[in-house]
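Inside the fold
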Amino acid sequence: KEIEIELSPKDAPKTCENFENLVKRGFYDGLTFHRVIPGFMAQGGAFDPVNQENDPAENIRGEFSSNGFENNLRHFRGVVSMARTNDPNSASSQFFICYGEQPHLDGEYASFGYVTEGMETVDSFLSEGTDANDVPLKEVKIEKAERVE
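Scope of this entry: the structure provided in the associated data block. Values in this document were obtained by computation on a predicted structure and should not be read as measured data.

Attention now goes to empty space enclosed by the protein. One pass over the structure, following the stated rule, counts 1 cavity of 30 Å³ or more. Its boundaries defined by the atoms lining it, the largest cavity holds a volume of some 30 Å³. Lining of the largest cavity is provided by Gly-62, Phe-64, Met-82, Arg-84, Ala-91, Tyr-109 and Ala-110. In the lining of the largest cavity, the residues fall into 5 nonpolar, 1 polar and 1 charged.

Here you go:
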């Protein structure tokens, strides 16, 4: 099942560049969506979801208003945004896809694209349920991420 994402470099240019570079390197191939929360989001792109500090991707500047950057892409259903720690400049490879409107994330997380096809696939991540840590009971793997012109 495919998911197509359109990037929005006008809203988050460095974030889009980082994501594209990781895709070109094959970084996401074989990684999982390791955190799925109904009504909220599906998060993936962790090199090692258990020991996240082992992420070999470099941190990038958070492109959102509370970090001094104008980003007008709101967190609505299908929006793709960068995950991060409490450090506003800690995003690297992990991203999430919103299941619905998440206005509390606007201005706090770098949204950088949106799903144009395959949102039903993202919805299907919820079908097997999750454990107490929001980890899907059935592995949700990214077989291959590639850039489409």
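All right, on to the nonpolar core then. With 29 residues, the main nonpolar core has Tyr-28, Phe-33, Phe-95, Ile-97, Phe-112 and Phe-125 as its most contacted residues. Elements supplying a minimum of two residues to this core: helix H1 (13-25), strand E2 (33-37), strand E4 (79-82), strand E5 (95-98), strand E6 (111-117) and helix H2 (119-124). Of all the elements, H1 adds the most residues to this core, at 4 residues. Each residue touching Ile-97, except ones within four places of it in the same chain, is listed here: Phe-33, Phe-40, Met-41, Ala-42, Gly-78, Val-79, Val-80, Val-115, Met-119 and Val-122. If you look at the next biggest cluster of nonpolar residues, it comprises 6 residues, including Ile-37, Phe-96, Cys-98 and Leu-105.

In this section: the pairing of E6. Judged from the 4 bridges that link them, strand E1 (residues 4-7) and E6 form a sheet pairing that is antiparallel. The residue bridging Leu-7 from the neighbouring strand is Gly-113, located in E6.

Now for the sheet that holds E4. Across the sheet, which stays open at both edges, the 6 strands sit in the order E1-E6-E4-E5-E3-E2 with antiparallel pairing between neighbours. Of all strands in the sheet, those bounded by a partner on one side alone are E1 and E2. If you compare each strand with its neighbour and ignore which way they point, the axes differ by 25° on average. Here E2 runs beside strand E3 (residues 41-44); their pairing, made up of 4 bridges, is antiparallel. Paired with Arg-35 across the two strands is Gln-43, which belongs to E3.

Among the structural elements, Ser-93 can be located in the loop between E4 and E5. We classify Ser-93 as buried; its relative accessible area is 0%. A polar atom in the side chain of Ser-93 sits 2.7 Å from the backbone oxygen of Gly-45.

Now for a negative patch on the surface. Together, Glu-2, Glu-4, Glu-117, Glu-120 and Glu-146 make up a region of like negative charge exposed at the surface. Residue placement: Glu-120 occurs in helix H2. Residue Glu-120 is classed as exposed on the basis of its relative accessible area of 57%.

So, about the pattern of salt bridges. In total, this model carries 6 salt bridges according to the counting rule given. The residue Arg-147 makes a salt bridge to Glu-20 at a minimum N-O spacing of 2.4 Å. In this pair, Arg-147 is assigned in the segment after H2 and Glu-20 in helix H1, connecting sequence segments 127 residues apart. What makes Arg-147 partly exposed here is its relative accessible area of 47%. Judged by relative accessible area, which is 23%, Glu-20 ranks as partly exposed. Arg-77 is the partner of Asp-123 in a salt bridge, and the nearest nitrogen-oxygen pair spans 2.6 Å. Placement of Asp-123 in helix H2 and of Arg-77 in the loop between E3 and E4 is noted, with a sequence separation of 46 residues between them.

Definitions and limits used
- Residues numbered from 1 in each chain as written.
- Predicted model: local features only at pLDDT ≥ 70, side-chain atom pairs only at ≥ 80, totals over all residues.
- Heavy atoms only, no water.
- 1 Å grid on protein atoms, 1.4 Å probe; cavity = no way out; pocket = protein on both sides within 12 Å on 5 of 7 lines; lining within 4 Å.
- Points joined across faces, edges and corners; volume = space filled by probe spheres on them.
- Nonpolar A, V, L, I, M, F, W, Y, C, P; charged D, E, K, R; others polar.
- Core = buried A, V, L, I, M, F, W, Y, C linked by side-chain atoms within 4.5 Å.
- Buried < 20%, exposed > 50% of the residue type's maximum accessible area, 1.4 Å probe, protein only.
- Helix = DSSP H or I, 4+ residues; strand = E, 2+ residues; numbered from the N terminus.
- Contact = heavy atoms within 4.5 Å.
- Pairing = 2+ DSSP bridges.
- Axes fitted to C-alpha atoms, helices over the stretch in contact; angles between N-to-C directions.
- Polar contact = N/O pair within 3.5 Å; in protein donor to acceptor, adjacent residues only side chain to side chain.
- Patch = residues over 30% accessible without salt bridge, like charges linked within 9 Å, V, L, I, M, F, W, Y side chains within 5 Å.
- Areas by Shrake-Rupley, 256 points an atom, 1.4 Å probe, with all protein chains shown as cover.
- Salt bridge = Lys/Arg side-chain N within 4 Å of Asp/Glu carboxyl O.
- Lys, Arg positive; Asp, Glu negative; His and termini not counted.
- Charge placed at Lys NZ, Arg CZ, Asp CG, Glu CD.

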